Amino acid sequence: MVGPLRAVDVIRKKRDGGKLTPEEIAFFVQGAVSGTGWMPYQVSALLMAIYFRGMDLEETACLTQAMAASGQRWDWSDLPGPVVDKHSTGGVGDKTSLILAPLAAACGVYVPMMSGRGLGHTGGTLDKLEAIPGFRVEWEPEQIRSILRDVGLIMMGPTAAMAPADRILYALRDVTATVESIPLITASILSKKIAEGIAALVLDVKCGRGAFMKHRPDAEALALSLQQVGTAAGLRLVTLLTAMDAPLGCCIGNALEVKEAIETLQGRGPEDVTALSVRLAAHMVLLGGLADSLAQAEARVRQALQSGQGLERFRRCVMQQGGDPRVLDRPELLPQAPHVEAWRAPRAGYVAALHADRLGQASMLLGAGRARLEDTVDPAVGIVCRVRPGQKVSPGECLLEVHYRQDQSLKAALPLLEQAVILEDGPPAALPNEPLVLHTWGAGTA
């Protein structure tokens with residue numbers, strides 16, 4: 001006769017390379033949330049066992065579903081249109097969410113975008129939005145439903161009742177060096193999206209120097225895991241693998257990136273930001289059943305961009321979420337750093353590389369990011385890249401524009417800035433981030 005489940009037996013089984021049953025996984029997740037049968041050190045022990053032994057597709061799918069079921073799950077069946085979201089694994093200068101959400105909403109998609117804060121050298125959508133004076137990212141459920149119905153989108157943080165298992169497990173992963181596990185990353189991302197109540201999801205998995213996954217095989221493994229587990233959970237998914245060797249766009253830092261996002265919605269943003277935002281929004285439109293092909297979906301998104309409908313949808317979002325809509329016309333109302341320093345080329349040459357990771361780390365040291373979740377972010381500081389890879393530069397030409405508040409933070413960032421822009425005598429044989437979209441999995445990829 002089999003006795004009751006015990007934490008130590010589940011830990012031992014995974015430690016020795018065994019496959020956990022759905023019952024054992026549910027027991028683990030329920031125990032992590034309630035504290036019944038599992039002590040925090042036992043939860044940490046199983047996380048470490050998963051880190052080393054891994055999980056197969058079935059185990060990862062069970063973990064994802066159990067985490068999603070640990071709290072509130074949204075139901076948007078009363079909305080008169082498709083409900084689709086997008087998630088990025090994070091990169092340097094990635095402000096596409098601020099652009100694609102209003103563009104998709106202008107095309108008829110309802111976008112309940114639940115995002116996170118930045119940690120380390122990659123930025124967070126919530127930090128960018130809070131750079132807009134007055135903008136609120138925390139709302140009560142009935143307010144969330146009202147804003148989404150009225151505007152077609154809401155950009156917010158996850159509610160406390162949504163997938164509480166993820167919050168508990170991530171806090172332990174962060175302090176036990178078990179973050180870099182594909183099954184745990186997959187379950188963390190998708191459990192929140194399933195609990196969000198969406199019907200379809202577009203995933204942007206970054207790959208390169210400035211990404212969480214720096215090597216293509218690792219990024220592809222994560223992308224496939226997300227695609228397969230999400231599909232098994234009943235979501236309609238498209239997963240893009242996109243390059244993140246150089247920053248996306250020119251601006252790094254919260255208010256600076258908001259300004260660039262607004263410029264993109266005005267039709268005058270950087271080419272790479274515009275192209276990727278349009279492509280991601282087009283996949284959202286296609287997954288929502290509002291176009292017959294990706295080409296048709298992309299044409300609809302570009303029309304929303306060129307007509308200004310996307311910009312006006314963002315304006316409505318800012319107003320409904322308590323922000324100052326004047327920033328869309330007067331970017332000087334966004335927070336501004338008191339000091340700006342030009343980082344100039346020491347000699348003539350060609351920009352062989354613009355290291356996204358070093359620029360992201362330098363921006364964090366300036367105060368634009370956080371090393372720990374409890375750190376305070378300065379919305380005004382950051383870096384503007386005045387050159388792109390492959391560009392020819394002259395001696396004394398401005399390479400980077402550094403927006404900073406304190407001299408000591410600038411001094412701390414200087415060594416990274418010195419290493420961020422690589423100059424060579426001749427034009428580079430191959431440029432990073434070409435092409436920007438490296439691969440696509442899922443429906444509507446052609």
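Provided above is the structure to which this section pertains.
Report on the accompanying structure.

Each value, and the rule that gives it
Residues numbered from 1 in each chain as written. Predicted model: local features only at pLDDT ≥ 70, side-chain atom pairs only at ≥ 80, totals over all residues. Heavy atoms only, no water. Helix = DSSP H or I, 4+ residues; strand = E, 2+ residues; numbered from the N terminus. Buried < 20%, exposed > 50% of the residue type's maximum accessible area, 1.4 Å probe, protein only. Contact = heavy atoms within 4.5 Å. Phe/Tyr/Trp six-rings, centres within 6.5 Å; stacked < 30°, edge-to-face > 60°. Lys NZ or Arg CZ within 6 Å of the ring centre and 35° of its normal. Salt bridge = Lys/Arg side-chain N within 4 Å of Asp/Glu carboxyl O. Pairing = 2+ DSSP bridges. Axes fitted to C-alpha atoms, helices over the stretch in contact; angles between N-to-C directions. Core = buried A, V, L, I, M, F, W, Y, C linked by side-chain atoms within 4.5 Å.

Topologically, Glu59 is positioned in helix α4 (residues 57-68). Judged by relative accessible area, Glu59 falls into the buried class, the value being 3%. Residues in contact with Glu59, not counting those within four places in the same chain, are Lys14, Gly18, Lys19, Leu20, Ile25 and Gly54.

Another point: the packing of aromatic side chains. Throughout the structure, instances matching the rule amount to 4 aromatic pairs. Note on Phe28 and Trp38: the rings are 5.1 Å apart at their centroids and 65° apart in plane angle, and the pair reads as edge-to-face. In this pair, Phe28 is assigned in helix α2 (residues 22-34) and Trp38 in the loop between α2 and α3 (40-53), connecting sequence segments 10 residues apart. Summarising the burial analysis for this pair, Phe28 and Trp38 share the class buried. Sitting over the face of the ring of Trp139, Arg136 holds its NZ or CZ atom 3.7 Å from the ring centroid.

It is worth spelling out the pattern of salt bridges at this point. A full pass over the atoms with the stated rule returns 28 salt bridges. The partner of Lys95 in a salt bridge is Glu260, with the nearest N and O atoms 2.5 Å apart. Of this pair, Lys95 sits in the loop between β1 (84-88) and α5 (96-106) while Glu260 sits in helix α11 (residues 254-265); the two residues are 165 residues apart in sequence, bridging distant segments of the chain. Across the pair, exposure class does not vary: Lys95 and Glu260 are buried alike. Note that Arg326 is salt-bridged to Asp324, the shortest N-O span being 2.9 Å. Owing to a relative accessible area of 16%, Asp324 belongs among the buried residues under this scheme. Connected through salt bridges with shared partners, the residues Arg6, Asp9 and Arg12 form a single ionic network.

Our next topic: the sheet that holds strand β8 (residues 349-354). The strands making up a sheet associate through hydrogen bonds between their backbones, and the pairing can be parallel or antiparallel. Taken in spatial order, the 3 strands of this open sheet run β10-β8-β12, and their pairing is antiparallel. Among the strands making up the open sheet, the edge pair consists of β10 (392-393) and β12 (421-424). Bridge count for β8 against β12 is 4 bridges, and the pairing is antiparallel. For Tyr350, the partnering residue across the bridge sits in β12 and is Glu424. Packed onto the sheet, helix α16 (residues 407-420) meets β8 and β12 and runs at close to 35° relative to β12.

We now examine the nonpolar core. Judged by nonpolar contacts, the single largest core of 123 residues is most densely connected at Leu359, Leu400 and Leu417. With 10 residues, helix α12 (residues 271-287) is the single largest residue contributor to this core. If we ignore the near neighbours within four places in the chain, the residues touching Leu417 are Trp343, Leu359, Ala362, Ile383, Leu400 and Val402. In terms of nonpolar packing, the next biggest core, distinct from the first, is built from 24 residues, Ile25, Ala49, Met55 and Ala165 among them.

Attention now moves to the environment of Ala69. In this structure, Ala69 sits in the loop between α4 and β1. Residues Ala69 and Gln42 lie 27 residues apart in sequence; the distance between their C-alpha atoms is 21 Å.

With that settled, the discussion passes to the sheet that holds strand β4 (residues 200-207). Taking strand neighbours across the sheet as the criterion, the 4 strands line up as β1-β4-β5-β13 in an open arrangement whose pairing is mixed. Either end of the sheet is taken by a strand with one partner, and the two such strands are β1 and β13 (437-442). Between one strand and the next, the sheet's axes are offset by a mean angle of 15°, whatever the strand orientation. One ladder, built from 8 bridges, connects β4 with strand β5 (residues 236-243); its direction is parallel. Within the sheet, the bridge partner assigned to Asp204 lies in β5 and is Leu240. Contacts from helix α9 (residues 182-195) reach β1 and β4 within the one sheet, and its direction differs from that of β1 by about 160°. Across the face of the sheet, helix α10 (residues 216-232) comes into contact with β4, β5 and β13 while running at roughly 170° to β5.

So, about the pairing of strand β3 (residues 153-156). Here β3 shows a buried face lined by Leu153 and Met155 and a second buried face lined by Ile154 and Met156. Where strand β2 (residues 111-114) and β3 come together, 4 bridges link them in parallel fashion. Residue pairing for β3: Met114 is matched across the bridge by Met156.

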